Amino acid sequence: MKKAFILSTAFFAAVGANAQSGTIVQTPAYRWHGDTITQGKYMATAEGPHKIVSTYSAQPGYGFPIDSTWKLKNDISSYPQLQTPNTLHTAIYNMGLDEMVNAVEPDTTLRTGKEWGGVWTRDVSYSIILSMAYMQPEAAKISLMKKVNPQGVIVQDTGSGGAWPVSSDRMIWAVAAYELYKVTGDRKWLEYIYPIIKKSVDDDALTVASADGLVKGETSFIDWREQSYPRWMQTADIYQSEALGTSIVHAQALQVLADIAADLGKDKEAADYAARAAAVRKAVNEQLWLDDKGYYAMYNYGRTAPVFNPRAETLGEALAILYDVASPERARSITENNPTTPFGAAIFFPQIADIPPYHNNSLWPWVAAYWAMANAKAGNEQGTLEAIGSVFRPAALFATNKENFVLDNGDIATQLNSSNMLWCLAGNIAITHKILFGINFEKNGLAFKPFVPKALAAERTLSNFKYRRATLDITVRGYGNEIKSFTLNGKEHKPFIPADIKGNNKIVITMADNELPAMAVNHTGNVKAPLTPIAWFEGTELCWNPIEYIAKYIVLRDGKPVAETRTTTFDASIPGEYQVIGVSGDGVQSFASEPRSNRPRIVAQMPGEVAEAVSAEISYQPKAPVRGFRGAGFRELDRSSAPVNIPVKVDADGTYALYFRYANGNGPVNTENKCAIRTVTVDGNRVGIIVMPQRGTANWNDWGFSNVLQLPLTAGEHTVSIEFRPENNNMNINTNHALVDELVLEKL
């Protein structure tokens, strides 16, 4: 793929040589030169530190507004003031401060965006980690407290299939809450957040922690299922998948919990959670790393035999670097191999051809900010510079911190968009503070590790930076990633400021002007993957539809390749679970087709079913007719339902896949929070959790299958039980309800 799509690096200027001529970043799509960004016929210029004027014109007929001018509206004098010789940089930074003031609501919470009111767990948490913890500590604190439910657990925002546990990235709250503690040093806050994080982590250990060490659930923040998963995947399939980003979020949350336990003197708990964090990090490295790609797989997916989605997912790759999941060698490899388009690093790569831009075929500036910080940590100068450019380009051209952009043309014509977007403005601010000034909050002080690409060599000052009981004026001179001199109030000092510092202080950092080792950037066009094949059985033959412009098909049995072919049939007389992957002439793979199993099945009906041969009605309000069930009827499960005991007879010892046919019409597929969850036991022994996500509002005739549990069974009779336990509470609490029709067992 690289050979076919890499663009000449001559297009991506080695900008150090052009610094005198004013070019800072140049790609085939745009150029940042001096105080102007030019993209084709469009131009954005800073007319001063408080005004940006753009000539950009959005796609005709697009429904979201576009601003041609940003002009300072709010008083930002109480916030850190930036002085730099590049007026555009100063103006973009000031625009971040200006829009940050807009984002603080009258109730002192952080508004998600101009178009999106309210506090959302993942949005506010990622924003707090980027910069809102120290820029808006009180609003950050109140916003986090809004995302704790009456049961004392972290709220998972509504999302695919009924929120948690299909979406399971709520634990980013823990990372944000600890970041706020590092900023304030407030022990009462630490004591407040510890039981919340602990209870949430312990619930997740029973529900989303996988036996292989990874974490189940949707990729963090990419919460529109069709935007990043094959169309055939149901929300129960998404729950069963294991994503890079979400697994790393959980690893870091566990580490945070270990650190808090240690701070509170709970040594046994600290050791336990630290070990669990290490186990997740190890699982990510052992199971998701792709040697042939030089980065981690986005997620694994399937039913009884998971396969990799070998796409690169930028936020997950960045978090792996920032949270030390990746070794320094792997961190460098990720920054050199994660594909970078002319507009920047995609949310994931390659794109899905038949899905419109939103998460797919898109760049989000706050993700690009994390990517910039990851490149800086890995020492990739050109990667850092281009990542910064991918944030500054849209900020200037659209005169606001917009939500997302189409990778094909850099425009805002995505499915949804908003100005004044919280996490994007937070990322804008973080680039200046955390990369160019190198400010890192630790629980006992501030550590300074500036990373200044040579093209941005300058003297910059950040004045009025508030830290606990001190005010800092910070100057950074030169370029590189090594500090030549660090002075505090005129005296040489190590690059660390203790937490007990007070009063007004002046810090001067002189960089070593060291040349960084040359590192690559994987420049590429915006590649679209082939369409996903649709496979089915005709007798003992596996068949699938032809895909245009395909070079070959890979046939999988039980997750392993068994054939490569240019035909659209395969002899499937050997029982197993089959899938087909299409491969383009450039080596780009499609998603694997929906798994098709021809293994023998044991099907057990629910005891005490509703005795209606054709139709029945649910007792839950509002009542609705039900059709499409098999056998005599179904069992209706609510929180108060007694355990359901299902007798089954197994003919031979072996490992079996166990799942249920169910219906859940309590809400839409893509929002709300009414996923049904139950604990499954066999002969009284707990074997796992089944989730039965929503399948459409009042759609009680749409039957699907739960996630799959795998377990050993001996020949003979067994009792499978479904029951509601306290850890099965969902985010809705009150509505945890589904219809169950059949139990299915397949011998693997």
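These lines cover the structure that appears in this document, whether it is placed above or below. Predicted, not measured: the structure shown is a model, and the values here were computed from it.

### Structural notes on the sheet that holds strand β21 (residues 445-448)
One open sheet accounts for 3 strands, arranged β20-β21-β26; its pairing is antiparallel. Taken across any chain shown, the strands that pair with only one partner, and hence form the sheet edges, are β20 (439-442) and β26 (496-498). Between one strand axis and the next, the sheet turns through 20° on average, direction left out of account. Strand direction decides the pairing type here: β20 and β21, joined by 4 bridges, are antiparallel. Looking across to β21, one finds that I439 is bridged to F448.

### Some words on the packing of helix α3 (residues 121-135) against helix α4 (residues 137-146)
The packing of two helices is summarised by the inter-axis angle and the distance between the axes. α4 packs onto α3 with a crossing angle of 150° between their chain directions and a minimal axis gap of 8 Å. Judged on the interaxial angle alone, α4 and α3 are roughly antiparallel. Contact residues: α3 offers V124, S125, I128, M132, A133, Y134 and M135, while α4 offers P137, A140, S143 and L144.

### Considerations on the layout of surface pockets
When its volume is computed, the largest pocket comes out at roughly 1100 Å³. Forming the boundary of the largest pocket are 31 residues, of which K182, L322, K377, N440 and K449 lie nearest the centre. Elements represented by at least two residues in the lining of the largest pocket include exactly α5 (172-184), α9 (244-263), α13 (365-378), α15 (422-436) and β20. Counting residues per element, the lining of the largest pocket draws most heavily on α13, which supplies 5 residues. Here the residues of the lining of the largest pocket sort into 16 nonpolar, 5 polar and 10 charged.

### Things to note about the sheet that holds strand β11 (residues 299-301)
In spatial order, the strands read β8-β11-β12; together these 3 strands make up an open sheet with antiparallel pairing. The open sheet has two edge strands with one neighbour each: β8 (242-243) and β12 (307-309). In terms of strand pairing, β11 meets β12 through 3 bridges, oriented antiparallel. When the sheet's bridge partners are listed, Y301 is paired in β12 with V307.

### Some thoughts on the packing of aromatic side chains
Considering all chains together, one arrives at 33 aromatic pairs under this definition. A ring pair is formed by F570 and Y578, whose centres lie 6.3 Å apart and whose planes are at 50°; its orientation type is tilted. Connected via pairs of aromatic rings, a cluster forms that spans Y126, F221, W224, Y358, W364, W366, Y370 and W423. The ring of F591 carries the charged tip of R311 above its face, separated from the ring centre by 4.1 Å. Between R393 and the ring centre of F405, over which it is positioned, the NZ or CZ distance is 5.7 Å.

Conventions used here
- Residues numbered from 1 in each chain as written.
- Predicted model: local features only at pLDDT ≥ 70, side-chain atom pairs only at ≥ 80, totals over all residues.
- Heavy atoms only, no water.
- Pairing = 2+ DSSP bridges.
- Helix = DSSP H or I, 4+ residues; strand = E, 2+ residues; numbered from the N terminus.
- Axes fitted to C-alpha atoms, helices over the stretch in contact; angles between N-to-C directions.
- Parallel < 35°, antiparallel > 145°, perpendicular 65-115°, else oblique.
- Contact = heavy atoms within 4.5 Å.
- 1 Å grid on protein atoms, 1.4 Å probe; cavity = no way out; pocket = protein on both sides within 12 Å on 5 of 7 lines; lining within 4 Å.
- Points joined across faces, edges and corners; volume = space filled by probe spheres on them.
- Nonpolar A, V, L, I, M, F, W, Y, C, P; charged D, E, K, R; others polar.
- Phe/Tyr/Trp six-rings, centres within 6.5 Å; stacked < 30°, edge-to-face > 60°.
- Lys NZ or Arg CZ within 6 Å of the ring centre and 35° of its normal.

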